[in-house]
Amino acid sequence: AGDTAEFDLGWAADSQSIYAGKEAHFSVTVKTVQAYEQPELNDDFAKLAGPHSQPPEHLKRNTRESAEGNEAARLENEYVTQVLDAIVEMSTLEYPPVMIEDQINSMLQDTEQRLRQLGVDSLETFLRQTNQSLEDYREMLRPEATKIARRNLVISEVVKAEGLTVEEAEIEERIKAMVGGDDQEDERAAESAKALANMLRQGAGRNMIVSQVLVEKTINRLARIARGETVEDPAPAEPTQAAEPVE
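Right, let's walk through the structure included here. (Residues numbered from 1 in each chain as written. Predicted model: local features only at pLDDT ≥ 70, side-chain atom pairs only at ≥ 80, totals over all residues. Heavy atoms only, no water.)

Looking only at helices and strands, the protein chain has eight helices and two strands in total. Beginning at the N terminus, the succession of helices and strands in the protein chain can be written as β-β-α-α-α-α-α-α-α-α. With 247 residues in all, the protein chain has 26% of them scored as buried. For the protein chain, the proportion of contacts with a sequence separation of at least 24, taken over those separated by at least 6, is 64%. Summed over all atoms, the accessible surface of the protein chain reaches about 17,400 Å², with 50% contributed by carbon and sulfur. (Helix = DSSP H or I, 4+ residues; strand = E, 2+ residues; numbered from the N terminus. Buried < 20%, exposed > 50% of the residue type's maximum accessible area, 1.4 Å probe, protein only. Contact = heavy atoms within 4.5 Å. Areas by Shrake-Rupley, 256 points an atom, 1.4 Å probe, with all protein chains shown as cover.)

Shown next as structure tokens:
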């Protein structure tokens, strides 16, 4: 304890970090030194997982299955992105420039939300602190925004070509997953969930869910085709209100 070190840390220009292309100087002082002691896997440790704790062997198995599931999802996402990018490269896509500008605007909104979660009051404050202009920051986002917009365009065309639709049952299933079932014990929580569910059944909320389900269907279909798996034609269904895919 008490040792001090100074060093510089930089982020690659093509990094997805909000500090891409920047370098920072750090001065670090060690306040305390602590060692990790592996706890014994017993009932007392299992209780740390919450009031509805499981036996240690079940907790260990569920933790392992959760980690394996997360890794499988990550690998699947990487594979799907590669499939989409390959289709984009093979396609001739025509779109207005405003499509990219809209995607950049969406990315800026996401960035500002993340900054607020980190305690930065606005994107403007962040840009001022990092000596960046909004124009320069938009240009930094442009390559990734172009990739996302082109992927979304491919997804939209696949939806049309394959005749993919979303059924009411699928919308209700997604709403239930988002807000929970009707068996909530707390009356106020149940009323709040009911109000949210009703909001999601109409207008922008409904469009969002339809879009999400269509994107998932399209991505799963493309991934199966890329693997050489048999893909059945979509069953005829009563089309729901149209919605544009979202990233």
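Another aspect to go through is the packing of helix H3 (residues 98-117) against helix H5 (residues 134-162). It is at 7 Å that the axes of H3 and H5 come closest, and there the two elements cross at 115°. The angle between H3 and H5 places the two elements in the roughly perpendicular class. Considering how the two elements wind past one another, H3 and H5 form a crossing that is right-handed. Residues Met99, Ile100, Glu101, Gln103, Ile104, Asn105, Met107, Leu108 and Thr111 of H3 lie in contact with H5, whose contacting residues are Leu134, Tyr137, Arg138, Leu141, Arg142, Glu144, Ala145, Thr146, Ile148, Ala149, Asn152 and Leu153. (Axes fitted to C-alpha atoms, helices over the stretch in contact; angles between N-to-C directions. Parallel < 35°, antiparallel > 145°, perpendicular 65-115°, else oblique. Left-handed = near helix turned anticlockwise from the far one by under 90°.)

This next bit is on unusual backbone geometry. Even without being glycine, asparagine 131 reaches a positive phi, approximately 55°. Inspection of the secondary structure puts asparagine 131 in the loop between helix H4 (123-129) and H5. The class of asparagine 131 is exposed, set by a relative accessible area of 71%.

With that out of the way, let us pick up the pattern of salt bridges. Throughout the structure, instances matching the rule amount to 16 salt bridges. Residues arginine 142 and glutamate 139 are paired through a salt bridge, measuring 3.0 Å at the closest nitrogen-oxygen approach. Placement of both arginine 142 and glutamate 139 in helix H5 is noted, with a separation of three residues, approximately one turn of the helix. On the basis of relative accessible area, arginine 142 is assigned to the partly exposed category, the value being 23%. Residue classification places glutamate 139 among the partly exposed residues on the basis of a relative accessible area of 45%. In the salt-bridge network here, residues are joined through shared partners; they are Glu101, Arg138, Glu139 and Arg142. (Salt bridge = Lys/Arg side-chain N within 4 Å of Asp/Glu carboxyl O.)

With that settled, the discussion passes to helix H6 (residues 168-179). In a regular helix each residue adds 1.5 Å, so twelve residues correspond to 16 Å; H6 covers 16 Å between its end C-alpha atoms and thus fits that length. Looking at the buried positions of H6, the neighbouring elements they touch are helix H7 (187-200) and helix H8 (203-226). (Expected span 1.5 Å × (residues − 1).)

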